[in-house]
Amino acid sequence: VKNLKKSFEVKKGFLGRSQPLNAVDGISFAIRKGETFSLVGESGCGKSTTGRLVTRLLAPNEGEVWFDGRNISRLSDNQMRPVRKNMQMVFQDPYASLNPRMKVKDLVAEPVLIHTRLSAKERDKLACELLETVGLNSRHAERFPHEFSGGQRQRIGIARALSVRPSLIVADEPVSALDVSIQSQVLNLLQDLQENYGLTYLFISHDLSVVEHISDRIGVMYLGTLVETAGKETLYERPLHPYTQALLSSVPVPDPTVKRERIILKGDLPSPVNPPTGCRFHTRCPSCMEICKRRAPIFREVEPGREVACHLYDEEMMKLERK
Ligand code: SF4
Ligand code: MG
């Protein structure tokens, strides 16, 4: 993903003029084959929009998405079709994303109907196999979504995404609507499937404690931009960006000997229609300096495999600030 940008027009107030909301404002990252890359941040930071841009459910205003060595950002819908088969989405709310009037077997096999020429009988057989794969039962095939619990419905959503054997699955808050006990079951299922099918995941969540187990690398987003990317261990052990530090401070630590001081961010999340000048995080940053209000930090590599957008890690800027 290279310098990706997407804005929407929003109306301000009842009779207000419409203004652009830069939902995603120039982000770059790479996902390696077979890994889980997670995007994390508060709601409204642009992570869902990013997921939709990656799978081209949305077209970007600027920037590029490359998939399997090919720039897919400007492909037509027709050209996108075969590519889309390789990238499927799993959504947060299995209630909303599954048509209540369709039988489970038809829901699961719907992408197959769109993308392949399998017969109805073959699709039914495949649906039954997939239901078993995701820990449900082929007897469930003739039932309707409302007969299932939230966790089971998410399994149906996952079977559906798997049906066309994609290489990339974008999972947007796939466990956020589920009870904590069910969350880990679904996360474990996703990990098993990744191993068995060599899947690559873009995993989207507002919750750093959810992605800890499943991620290889993590990107933290704030108001439409990436503020830090790092390998999972590095990020949890030594977060560099003040926003990452604040997010992590509210994640419970299993080891009682480790003390993590809770960082409470001041103020509300600013509106993405009118983001703060300079560093977007400066209105809430506990380490804010004068220069932060004027100059936006550049997102750059500060250690191998780790990028941060913060003046604290930029020697030049710190010299300017000291002057
Ligand atoms: Fe905080 Fe300044 Fe770093 Fe922004 S650039 S995160 S305001 S220290
Ligand atoms: Mg979202």
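Since we're looking at a predicted model, the values are computed, not measured.

Chemist: Just checking my understanding: could you explain the overall build of the protein for this structure?
Modeler: When helices and strands are counted, the protein shows 12 helices and 13 strands. A compact globule built from 323 residues should have a C-alpha radius of gyration of about 20 Å, and the protein, at 21 Å, falls within 12% of that. Here the C-alpha coordinates of the protein stretch approximately 75 × 50 × 45 Å along the principal axes. A total of 323 residues make up the protein; the buried ones form 39% of that total. For the protein, contacts bridging at least 24 residues in sequence account for 60% of all contacts bridging at least 6.

Chemist: How should the sheet that holds strand β8 (residues 168-172) be read in this particular structure?
Modeler: Strand pairing in a sheet is mediated by backbone hydrogen bonds. Such pairs are either parallel or antiparallel. Spatially, the 8 strands line up as an open sheet ordered β7-β8-β9-β3-β10-β11-β13-β12, and their pairing is mixed. Of all the strands in the sheet, just β7 (87-90) and β12 (300-303) have a single pairing partner and so form its edges. Neighbouring strand axes in the sheet, compared pairwise and without regard to direction, differ in orientation by 25 degrees on average. Pairing between β12 and strand β13 (residues 306-308): 3 bridges, direction antiparallel. Residue pairing for β13: Glu301 is matched across the bridge by Glu307. The sheet contacts of helix α1 (residues 47-54) involve β3 (36-40), β7, β8, β9 (200-205) and β10 (217-222), and relative to β9 the element is tilted by about 155 degrees.

Chemist: Quick question: what am I supposed to make of the nonpolar core here?
Modeler: One broad trend across soluble globular proteins is that nonpolar side chains are buried collectively. Grouped together as the largest cluster of nonpolar side chains are 73 residues, with contacts concentrated most on Val108, Leu131 and Val220. Not counting residues up to four positions away in its chain, the partners in contact with Val220 are Val40, Gly41, Leu226, Val227, Glu228, His241, Tyr243, Thr244 and Leu247.

What counts as what
- Along each chain, residue indices are assigned from 1 in the same order as the chain's sequence is written.
- Both sets of labels track the order of writing: A upward for chains, 1 upward for ligands.
- Given that this is a predicted model, residues contribute local features only at a pLDDT of at least 70 and side-chain atom pairs are listed and counted only at 80 or more, while totals for whole chains, interfaces and linings are drawn from all residues.
- Strands here are runs of E lasting at least two residues and helices are runs of H or I lasting at least four, both read from the DSSP assignment and numbered beginning at the N terminus.
- Our radius of gyration looks at C-alpha atoms and nothing else; its globule reference is 2.2 Å times the residue count to the power 0.38.
- Counting other C-beta atoms within 10 Å of a residue's own tells you its class, since 20 or more makes it buried, 12 or fewer makes it exposed, and anything in between is partly exposed; those C-beta atoms are placed from the backbone.
- C-beta atoms are first placed from the backbone for all residues, and any pair lying within 7 Å is then listed as a contact.
- Strands are labelled as partners when DSSP assigns at least two bridges between them.
- Helix axes are fitted to C-alpha atoms over the stretch in contact, other axes to C-alpha atoms as well, and angles between N-to-C directions run from 0 to 180 degrees.
- Think of a nonpolar core as buried Ala, Val, Leu, Ile, Met, Phe, Trp, Tyr and Cys residues chained together by C-beta atoms that fall within 7 Å.

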